[in-house]
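As a plain string of letters, each chain reads:
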Amino acid sequence: MVKTMIERDNIKAILEEYDPLKLRIGMVASHSALDICDGAIEEGFPTVAYAQKGREKTYSKYFRTARSKSGRVTRGMVDKTIPLKKFSDILEPNFQQQMRDRNVLFIPNRSFTSYCNMKEIEEDFRVPLFGSRNMLRMEDREEDQDYYWLLEEAGLPFPEKINGYEEIDCLSIVKLHHAEKKLERGFFTCASPREFEEKSTALIRQGVIDKESLVNARIERYVIGPVFNLNFFYSPLEDDLPKLELLGVDWRFESSLDGHVRLPAPQQITLPESQKIPEMTVVGHNTATIRESLLESAFELGEKFIEASKKHYSPGIVGPFCLQTCIDKDMNYYIYDVAPRIGGGTNVHVSVGHPYGNSLWRKPMSTGRRIAQEIRLAAEQDRLLEVLT
């Protein structure tokens with residue numbers, strides 16, 4: 001028997017067993033978990049983090065909540081940490097039952113979709129999930145209907161694809177997974193077929209990439225310009241004001257790329273082969289703003305994405321999503337990646353909030369807090385099914 005995406009009627013039946021006065025916010029303890037937990041605590045929700053053994057102390061020890069006798073949080077943001085042998089154990093029926101027994105509303109992040117089987121998330125993860133369950137798969141560039149497909153359907157700008165390395169005639173980027181660090185990137189740049197061959201051969205020899213992944217790699221024309229991750233939020237609950245919010249912008253620190261650019265050119269030239277080609281592993285983020293004349297164009301990107309998501313992924317995007325962009329010398333946006341869930345750089349706004357989100361809501365408003373606020377409003381208005389899938 002062929003299984004299908006969990007229907008909203010199933011989620012509705014699960015929610016009917018929940019105590020609406022004892023809702024908890026749960027997530028995989030990685031990626032953006034601290035932001036999610038901090039926002040939940042600010043909005044009055046207890047938090048539970050599902051951690052992998054060996055990586056749990058961040059949550060169970062260093063950011064564990066302390067509460068006063070009245071229950072007020074005086075320190076930290078993680079109420080309960082549940083260690084798992086491996087992250088994917090969260091899909092086990094007994095863990096799902098524990099989550100339902102705790103009235104957990106689950107917030108998906110990239111670690112959840114990276115460490116857990118996507119088919120099981122769609123068909124077997126019977127826990128109410130905040131956001132768009134049916135859009136999580138589109139992050140995989142090997143899918144036929146990946147985010148590039150949706151961007152094209154929406155008429156949104158993205159870097160031009162090069163169909164084969166023999167056609168490289170300008171600075172280009174080759175996108176593929178790292179051979180050893182399976183959740184990281186084995187990206188490299190090149191400006192000619194010969195440079196592609198030289199760099200790919202060197203990276204295969206170093207174990208950074210493998211031949212099979214190289215065959216299926218996506219090659220794009222490289223857009224020269226700064227990168228900005230646009231952290232949006234879409235609220236189906238809002239009836240009077242704009243449903244789309246730009247909460248904030250972040251940019252990345254990448255290793256070893258950022259280390260390379262700190263070296264003078266003569267020093268870069270003398271590096272041995274093992275150090276000469278930089279890797280692009282994201283190790284941190286920082287906050288940013290963009291010039292005000294570019295803000296309206298940013299909102300247009302978000303609106304077009306929402307419209308296309310509703311057309312092809314009913315009910316469409318719900319809650320946070322991130323359009324990862326670069327801006328060229330003519331101030332044109334190009335979307336090079338899409339996150340149909342909370343972005344990876346939102347921890348930079350924990351507690352202090354996003355600049356735009358703070359101004360919009362007149363209080364510290366991080367992505368984590370905005371998620372929790374939406375859940376609280378949905379619960380108060382008996383509209384949880386509009387934000388859960």
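*Asks:* Help me get a handle on the side chain of E245, residues and values and all.
*Replies:* Tracing the sequence through the fold places E245 in strand β12 (residues 244–256). The buried category is assigned to E245, whose relative accessible area is 4%. Within the structure, E245 has its side chain in polar contact with the side chain of W361 (distance 3.0 Å). Discounting chain neighbours no more than four positions away, the residues touching E245 are N231, F232, F233, F299, L360, W361 and R370.

*Asks:* Hey, could you go over the layout of surface pockets for me, with residue numbers and the actual values?
*Replies:* The calculated volume of the second largest pocket comes to roughly 280 Å³. Residue lining of the second largest pocket: E238, L241, P242, L244, E245, L246, L295, F299, Y356, S359, L360 and W361, and that is the complete set. Looking at the lining of the second largest pocket, the elements that each hand over two or more residues are β12, α13 (295–312) and α14 (355–361). If one sorts the elements of the lining of the second largest pocket by residue count, α14 sits on top with four residues. Tallied by class, the residues present in the lining of the second largest pocket amount to nine nonpolar, one polar and two charged.

*Asks:* Tell me about the pattern of salt bridges, and name the residues and values.
*Replies:* Under the definition given, this model contains 25 salt bridges. Between E139 and R110 there is a salt bridge; the shortest N-O distance is 3.7 Å. Of this pair, E139 sits in the loop between α6 (118–123) and α7 (147–154) while R110 sits in helix α5 (residues 110–115); the two residues are 29 residues apart in sequence, bridging distant segments of the chain. For K181, the salt bridge identified is with E279, shortest N-O distance 3.6 Å. Of this pair, K181 sits in the loop between β8 (172–175) and β9 (188–190) while E279 sits in the loop between α12 (273–276) and β13 (280–288); the two residues are 98 residues apart in sequence, bridging distant segments of the chain. Here the salt bridges share partners, and the residues they tie into one network are E42, E43, R369, R376 and E380.

Reading guide: rules and limits
- Residues numbered from 1 in each chain as written.
- Predicted model: local features only at pLDDT ≥ 70, side-chain atom pairs only at ≥ 80, totals over all residues.
- Heavy atoms only, no water.
- Helix = DSSP H or I, 4+ residues; strand = E, 2+ residues; numbered from the N terminus.
- Buried < 20%, exposed > 50% of the residue type's maximum accessible area, 1.4 Å probe, protein only.
- Polar contact = N/O pair within 3.5 Å; in protein donor to acceptor, adjacent residues only side chain to side chain.
- Contact = heavy atoms within 4.5 Å.
- 1 Å grid on protein atoms, 1.4 Å probe; cavity = no way out; pocket = protein on both sides within 12 Å on 5 of 7 lines; lining within 4 Å.
- Points joined across faces, edges and corners; volume = space filled by probe spheres on them.
- Nonpolar A, V, L, I, M, F, W, Y, C, P; charged D, E, K, R; others polar.
- Salt bridge = Lys/Arg side-chain N within 4 Å of Asp/Glu carboxyl O.

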